[in-house]
Amino acid sequence: MPRIGVVVCWCGHNIAGTVDVTQVTAAAAAMPGVVYAEDYKYVCSEPGQDLIRRAIADKRLDAVVVAACSPSMHEATFRQAAAAAGLNPYRVEIANVREQCSWVHRDREEATVKAVALVQAMVAKARREEPLEALRLPVTRRALVIGGGIAGMQAAMDIADAGYQVLLVEREPNLGGRMAQLSETFPTLDCASCILTPRTAEVARHPRIELLTYSEVREVAGYVGDFRVRIARKPAYVDWDRCIGCMLCQEKCPRKVPSPFERDMGFKKAIGVNFPQAVPNRPVIDREHCTYFEKGKCQVCVRVCPVEAVDFEQRETVREEAVGAIVVATGFDVLAPAEFGEYGYGRYPDVIDSLAFERLNSSSGPTGGVIRRPSDGRVPREVVFIQCVGSRDPDRGRGYCSKICCMYTAKHAMLYRHKVPDGQAYVFYMDVRAGGKGYEEFVQRTVEQAGALYLRGRVARVYPEGDRMLVRGVDTLSGQTVEVAADLVVLATAAVPRGDARELAQLLKVGTDAHGFYNEAHPKLRPVETMTRGIFLAGAVQAPRDISETVAQASGAASKVLALFSQEELVADPLVAVVDETRCAGCFLCRPVCPYQAISTRVAGNREVATVNPGLCQGCGACAVACRSGAMALKGFTDEQILAEVEALCLRTGSPG
Amino acid sequence: MSDIQARLREIARRLLTEGHVRVFIGFGPGFEANRPVPFFAADPDAADRLLLDEFCAAGLARYVLEEVREGPVGLVARGCDGLGLERLLADHRVAREQLYVVGVSCRGVVDPDRACAAAGEEVRAARVNGETVTLITPTAERSFPRSACLLDKCLRCQDPTPRIADVLLGEAIPPGERDLAHVDAVERMPSDERYRFWARQFERCLRCLACRQVCPACNCVSCSLDRPEWLERGTGLAEQFMFHFTRAYHVAGRCVACGECERACPAGIPLGLLNDKFMKDLRDLFGVAAPHRPGDVEPLGKFCPDDPEGWHEGGEGT
Ligand SMILES: Cc1cc2nc3c(=O)[nH]c(=O)nc-3n(C[C@H](O)[C@H](O)[C@H](O)COP(=O)(O)OP(=O)(O)OC[C@H]3O[C@@H](n4cnc5c(N)ncnc54)[C@H](O)[C@@H]3O)c2cc1C
Ligand code: SF4
Ligand code: SF4
Ligand code: SF4
Ligand code: SF4
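As the structure is a computational prediction, the values presented were derived from the model and not from experiment.

**Examining the overall build of chain A**
Now for step 1: The helix and strand tally for chain A stands at 18 helices and 34 strands.
Now for step 2: For the C-alpha atoms alone, the extent of chain A along its principal axes is close to 90 × 65 × 45 Å.
Now for step 3: Burial analysis of chain A (657 residues in total) assigns 53% to the buried set.
Now for step 4: Restricting to contacts in chain A with at least 6 residues of sequence separation, those with at least 24 account for 69%.
Now for step 5: Carbon and sulfur atoms form 50% of the exposed surface of chain A, whose accessible area is close to 28,200 Å².

**Regarding the overall build of chain B**
Now for step 1: On a plain count of helices and strands, chain B comes out with 11 helices and 8 strands.
Now for step 2: Computed over its C-alpha atoms, the radius of gyration of chain B comes to 21 Å, within 12% of the 20 Å expected for a compact globule of 318 residues.
Now for step 3: Here the C-alpha coordinates of chain B stretch approximately 65 × 45 × 40 Å along the principal axes.
Now for step 4: Of all 318 residues assigned to chain B, the portion counted as buried reaches 51%.
Now for step 5: Within chain B, residue pairs in contact and separated by at least 24 positions form 64% of the contacts whose partners lie at least 6 positions apart.
Now for step 6: When the accessible surface of chain B is split by element, carbon and sulfur atoms take 52% of a total near 15,000 Å².
Now for step 7: Looking at chain B, you have 40 positive and 49 negative side-chain charges, and the mean spots of the two groups are 3 Å apart.

**So, the pattern of salt bridges**
Now for step 1: In total, this model carries 76 salt bridges over all chains according to the counting rule given.
Now for step 2: One salt bridge in this structure joins Glu 260 of chain B and Arg 263 of chain B, with 2.8 Å as the shortest N-O distance. Of this pair, Glu 260 of chain B and Arg 263 of chain B both sit in helix H10 (residues 260-264), separated by 3 residues, roughly a single helical turn.
Now for step 3: One network of salt bridges, in which partners are shared, links Asp 350, Arg 373, Asp 376, Arg 378, Glu 382, Asp 467, Arg 468 and Asp 487 of chain A.

**Remarks on empty space enclosed by the protein**
All names here are of chain B.
Now for step 1: For the structure on display, the rule yields 10 cavities of 30 Å³ or more.
Now for step 2: In this structure, the largest cavity spans a volume of roughly 180 Å³.
Now for step 3: Every residue lining the largest cavity is counted, 20 residues in all, and those nearest its centre are Ala 257, Cys 258, Gly 259, Cys 261 and Asn 275.
Now for step 4: If you list the elements that add at least two residues to the lining of the largest cavity, you get helix H9 (237-251), H10 and helix H11 (271-286).
Now for step 5: Examining the composition of the lining of the largest cavity, we find that 4 residues originate from one element, H11, more than from any other.
Now for step 6: Tallied by class, residues from the lining of the largest cavity come to 10 nonpolar, 3 polar and 7 charged.

**So, the interface of chain A and chain B**
Now for step 1: With 28 residues of chain A at the interface, the matching set in chain B holds 25 residues.
Now for step 2: In this assembly, chain A packs against chain B so that about 2,200 Å² is buried in total across both faces, 55% of it on carbon and sulfur atoms.
Now for step 3: For chain A, the biggest contributors to the area lost against chain B are Arg 583, Arg 628 and Leu 643 of chain A; these three give 27% of the whole.
Now for step 4: Counting every contact that joins chain A to chain B gives 1 salt bridge.
Now for step 5: Across the chain A-chain B interface, the total number found is 9 residue pairs in polar contact (both at pLDDT 80 or more).

**Considering the sheet that holds strand E6 (residues 132-136) of chain B**
Residue and element names in this part refer to chain B.
Now for step 1: With antiparallel pairing, the 3 strands of this open sheet are ordered in space as E5-E6-E7. A single partner strand is all that each edge strand has here, and the edge strands are strand E5 (125-129) and strand E7 (141-145). On average, each strand axis in the sheet is tilted by 25 degrees relative to the strand beside it, whichever way the strands run.
Now for step 2: Pairing of E5 with E6, which is carried by 5 bridges, proceeds in the antiparallel orientation. From the neighbouring strand, Val 128 faces E6, where its bridge partner is Val 133.

**Section: the site of ligand 2**
Now for step 1: Taken together, the neighbourhood of ligand 2 is formed by Cys 584, Ala 585, Gly 586, Cys 587, Phe 588, Cys 590, Ala 610, Cys 627 and Ser 629 of chain A.
Now for step 2: Class assignment of the residues belonging to the shell around ligand 2 gives a composition of 7 nonpolar, 2 polar and no charged.

**A few points about the state of the cysteines**
Residue and element names in this part refer to chain A.
Now for step 1: Applying the stated criterion to the full structure yields 1 disulfide over all chains.
Now for step 2: The side chain of Cys 191 participates in a disulfide bridge whose partner is Cys 194; the two sulfur atoms lie 2.0 Å from each other. Across the disulfide from Cys 191 to Cys 194, rotation about the S-S bond amounts to roughly 90 degrees, and the bridge is consequently right-handed.

**Brief notes about the site of ligand 5**
All names here are of chain B.
Now for step 1: The environment of ligand 5 is made up of 13 residues, and the closest members are Cys 205, Cys 208, Leu 209, Cys 211 and Cys 265.
Now for step 2: Mapped by element, the contributors of at least two residues to the shell around ligand 5 are helix H8 (210-214) and H9.
Now for step 3: Taken together, the residues of the shell around ligand 5 break down into 11 nonpolar, 1 polar and 1 charged.

**So, the domain arrangement of chain A**
All names here are of chain A.
Now for step 1: By domain assignment, chain A separates into domain 1 (4-132), domain 2 (142-330 + 532-565), domain 3 (332-496) and domain 4 (573-635).
Now for step 2: On the side of domain 3, 32 residues touch domain 2, which itself brings 23 residues to the contact.
Now for step 3: Where domain 2 abuts domain 3, roughly 2,300 Å² becomes buried across the two surfaces, and 63% of that area is made up of carbon and sulfur atoms.
Now for step 4: The tally of links between domain 2 and domain 3 comes to 4 salt bridges.
Now for step 5: Taking the shortest distance from any N to any O, the salt bridge between Glu 549 and Lys 403 comes out at 2.7 Å.
Now for step 6: For the interface between domain 2 and domain 3, the tally reads 9 residue pairs in polar contact (both at pLDDT 80 or more).

**Regarding the environment of Arg 14 of chain B**
Now for step 1: Among the structural elements, Arg 14 of chain B can be located in helix H1 (residues 2-17).
Now for step 2: As for Arg 14 of chain B and Cys 304 of chain B, which are separated by 290 residues in sequence, their C-alpha atoms are 47 Å apart.

**Some thoughts on unusual backbone geometry**
All names here are of chain A.
Now for step 1: Backbone torsion omega between Phe 186 and Pro 187 reads -5 degrees, so that peptide bond is classified as cis.
Now for step 2: As for its placement among the helices and strands, Pro 187 is situated in the loop between strand E8 (184-185) and strand E9 (190-191).
Now for step 3: Cis geometry is found at the peptide bond from Val 279 to Pro 280, where omega equals -5 degrees.
Now for step 4: By secondary structure assignment, the location of Pro 280 is in the loop between strand E15 (271-272) and strand E16 (284-285).
Now for step 5: The phi dihedral of Tyr 237 falls on the positive side, at around 65 degrees, and the residue is not glycine.
Now for step 6: Relative to the helices and strands, Tyr 237 is located in the loop between strand E12 (226-233) and helix H9 (248-252).
Now for step 7: Overall, the relative accessible area of 5% leaves Tyr 237 in the buried class.
Now for step 8: Look at Cys 298: it is not a glycine, yet its phi comes out positive at around 145 degrees.
Now for step 9: Residue position: Cys 298 is located in the loop between helix H10 (291-295) and helix H11 (300-304).

**Section: the nonpolar core**
Residue and element names in this part refer to chain A.
Now for step 1: Within the largest apolar cluster, 103 residues are counted, with the highest numbers of intra-cluster contacts made by Ile 159, Phe 565 and Met 632.
Now for step 2: With 8 residues, helix H7 (residues 150-161) is the largest single contributor of residues to this core.
Now for step 3: Other than its neighbours up to four places away in sequence, Ile 159 contacts Ala 143, Tyr 164, Val 166, Val 327, Ala 558, Val 561, Leu 562 and Phe 565.
Now for step 4: Counting residues in hydrophobic clusters, the runner-up holds 45 residues, among them Val 65, Ile 94, Ala 95 and Leu 118.

**Looking at the packing of H9 of chain B against H11 of chain B**
Residue and element names in this part refer to chain B.
Now for step 1: Taken N-terminus to C-terminus, the directions of H9 and H11 make an angle of 50 degrees; their axes are 10 Å apart at the nearest point. Taken together, the axis directions place H9 and H11 in an arrangement best described as oblique. Of the two possible hands of crossing, H9 and H11 adopt the one that is right-handed. In contact with His 244, Arg 247, Ala 248, Tyr 249 and Val 251 of H9, H11 contributes Leu 271, Leu 274, Asn 275 and Phe 278.
Now for step 2: The residue makeup of the contact of H9 with H11, split by class, is 6 nonpolar, 2 polar and 1 charged.

Rules used throughout
- Residues numbered from 1 in each chain as written.
- Chains lettered and ligands numbered in written order.
- Predicted model: local features only at pLDDT ≥ 70, side-chain atom pairs only at ≥ 80, totals over all residues.
- Heavy atoms only, no water.
- Helix = DSSP H or I, 4+ residues; strand = E, 2+ residues; numbered from the N terminus.
- Buried < 20%, exposed > 50% of the residue type's maximum accessible area, 1.4 Å probe, protein only.
- Contact = heavy atoms within 4.5 Å.
- Areas by Shrake-Rupley, 256 points an atom, 1.4 Å probe, with all protein chains shown as cover.
- Rg over C-alpha atoms; globule rule 2.2 N^0.38 Å.
- Lys, Arg positive; Asp, Glu negative; His and termini not counted.
- Charge placed at Lys NZ, Arg CZ, Asp CG, Glu CD.
- Salt bridge = Lys/Arg side-chain N within 4 Å of Asp/Glu carboxyl O.
- 1 Å grid on protein atoms, 1.4 Å probe; cavity = no way out; pocket = protein on both sides within 12 Å on 5 of 7 lines; lining within 4 Å.
- Points joined across faces, edges and corners; volume = space filled by probe spheres on them.
- Nonpolar A, V, L, I, M, F, W, Y, C, P; charged D, E, K, R; others polar.
- Buried area = accessible area lost by both parts, 1.4 Å probe.
- Polar contact = N/O pair within 3.5 Å; in protein donor to acceptor, adjacent residues only side chain to side chain.
- Pairing = 2+ DSSP bridges.
- Axes fitted to C-alpha atoms, helices over the stretch in contact; angles between N-to-C directions.
- Near = heavy atom within 4 Å.
- Disulfide = S-S within 2.5 Å.
- Domains from an automatic or database assignment.
- Core = buried A, V, L, I, M, F, W, Y, C linked by side-chain atoms within 4.5 Å.
- Parallel < 35°, antiparallel > 145°, perpendicular 65-115°, else oblique.
- Left-handed = near helix turned anticlockwise from the far one by under 90°.

Structure follows, in structure tokens:
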């Protein structure tokens, strides 16, 4: 029988206050196989760990049970202590007598009886333990960054600057993300392209960043250190290697269509770039709107191109790449306000969303930076901004605050006043959230210097009267109905996940919240990690956030990738599932329950059996439960061990001491 | 039936002659006229001894599991046999190309004990016609209600015609709804009464494991009920509950309601009632078909990322 040592922790008053640790220690000493039992004030402290180390050496222990706090707290600590004394670290078991006992009981006697039972169960488990070896996985020191917005670019730069290769995959033909559409940025009012353009150029030039624009990730297999991804590049119908970026094609293309980049207020050609500073500066053909693709003739672009780069025969190409870590930076979208009929969006051209207002403000936008309303091009004298459109509205399914709208609306009101000094801005708001360095001061300036009139309340209706829009709402501070006649109405629509966010999350096996924003592993302590090891989050893909927060998080994600790449090999817990092939029926009932798709088929003799990829397996144990034959076992938690625990609890003779 | 029986023999003979199948499973004469037994025709001449009448009771699907190891198998299948085959196929225990299925529609199987009791004498033959059953004895020919003559499992049957058949003899009968009304009575019992009810049932169990051996859903290579760490050999009430709960949970969401377990049980334990209770709950909670259609998503057997109960730390909806 293995020689087992039991150490009972007081956790100061935390455990010892409710549990009689002396009695528990005495009871443990009498359990079969236990050759050493001791209690100590703080076992996790250095002297406490030393106690474990010495006991292992002096008493020649084969296994240690620590009766203390939850394993998620200090299991790693105690395993390290055991390993330092030469014991296999997986022969340490934790009896959780704090969270599961002292903290939830008041009665000292009851708590003590329960603590003894918990120790007894773990001693029974420890008796059936086998030494396990940590898994060692190789690392491919190359990162994939998905999304080329400010978040993805920052992460890519940080990783590449540290000396590693980066693949940056962006779905659009160009880098920049939402930021490319912005005019000036709060709280400093520096112009978005002035800070963005140098960055995009830097990324494009970087010797260690391979830029794959107009591309999408189609498949993700493998695991941390060794992901296999398939990346599809959509056909641009222009050979970008030949193209010299002269944009003659764009100039001469006869087909003009509304530009989504300009929120449909401006036009683009069927061939060309989204905006003049686009990086890479290479055109694509919009197949849906190209006359040649529609009618089979035109080809003006082919004729004007000086280098014969236009290629209508181009096809999608798919490549497979190996990477060791993935940063997801696919950003966010804004809610299509069509579902808010009361504001008349979509029906009246002078009701626009904030992103459109950014374009009106932008010197490269459809109005050259002069604020003109879409209907008749007049400069608006009165503008109403409505905040929280779709946000903080649990009735319509979005209870969350989009976080950025208060600030960019203040920015809009201020920029408007700069451009139209005799204009008046009204802001309907619920309350103004300006937490951030210099943010509150910024809003104050909007009120005091730009003279924006803030009205607290929800807008009930927007409707046209003459050539203006009447905005009717209730000022909840005065209780009075207010009506403003406006030339332009701007809706600060909710920040929402991208339409395909869930699909990508499924490819990556990353969880999403109720809305579709990606889940971090822990909201406070692991905000850039996901539950899948080796996959990290950066930017608005996780939750709405502004540029400075996005950049900070992107650097955080990059540092996690670098920490991973700095290791020779990755060490993983060996607590994974294994198949007993003689028992396995090959029914594969286990496969659909595995959240990590770790189970596949193997031919053993003349039949197929299940097999587990230990790199993918996260040791959740779902398969072991699904297998009716008992062919699937989770190492460290085998049926024998669990049943021994249950038996110890059931057959326990009762009173302590 | 005799026309269908003739065609069945003809097909079986052809399959065996041409070497399409190694064996053809059907029914053959038993010791008594009203108790035919499963019959394995291994050569063309044996096909002429195949028989198909209202007394052919045993489910044939489970025999396939053994037979198929030696080569392709042909068999005659009623609705319940068909579901059993579907179960084996969905569990990857047999491959479709190893089977040749001759489907027949079934209007119900006559229980010889019940029928003889109803008729008051030896029943030699029977005709099932809709709501009544005509029993033919040496002295008379009389009609009785279905419930007085048929096997329990047939009274609640929802699938008279198999869904997978390489050839179907006779007309197909469309599937119906499974009648789960008998579950209500147990559900209405107060819990202590319900406990006594099941204890009374389970304590009769002989642990012969016939229920497991006939069950197409119990098709594992190695059964955890044979392992002493899970189940001790004793027949004390605790072990009986452990055995029956484990059996029922291992087929929950996968039971095809063939009714074989209950038919095979020598102790007359209402295993079908327990299965039907699970089936009803699964239907009501997960909106799945009752019984489960093999190949459909298994309500208790799939990880789904948008599970309303959540998966990650933090629970609720995350
Ligand atoms: C109207 C408005 C005004 C704003 N004003 C300011 C401001 O003044 N100051 C400020 O700090 N913040 C402002 N913001 C917020 C700012 O836009 C965001 O903080 C920032 O864009 C977030 O960057 P990101 O990289 O996380 O996401 P995004 O900018 O959305 O970039 C994501 C990128 O990923 C790409 N992508 C998406 N899906 C895929 C996929 N499946 N495969 C490959 N690529 C994909 C997208 O094409 C995009 O290029 C404003 C936002 C709005 C809506
Ligand atoms: S559930 Fe069990 S028996 Fe079936 S394939 Fe998986 S390990 Fe094998
Ligand atoms: S333990 Fe969990 S992760 Fe590992 S193979 Fe089983 S179901 Fe998949
Ligand atoms: S549990 Fe009974 S009714 Fe269900 S499939 Fe098995 S034998 Fe048939
Ligand atoms: S067939 Fe009946 S007696 Fe035999 S093990 Fe099953 S339930 Fe018990």
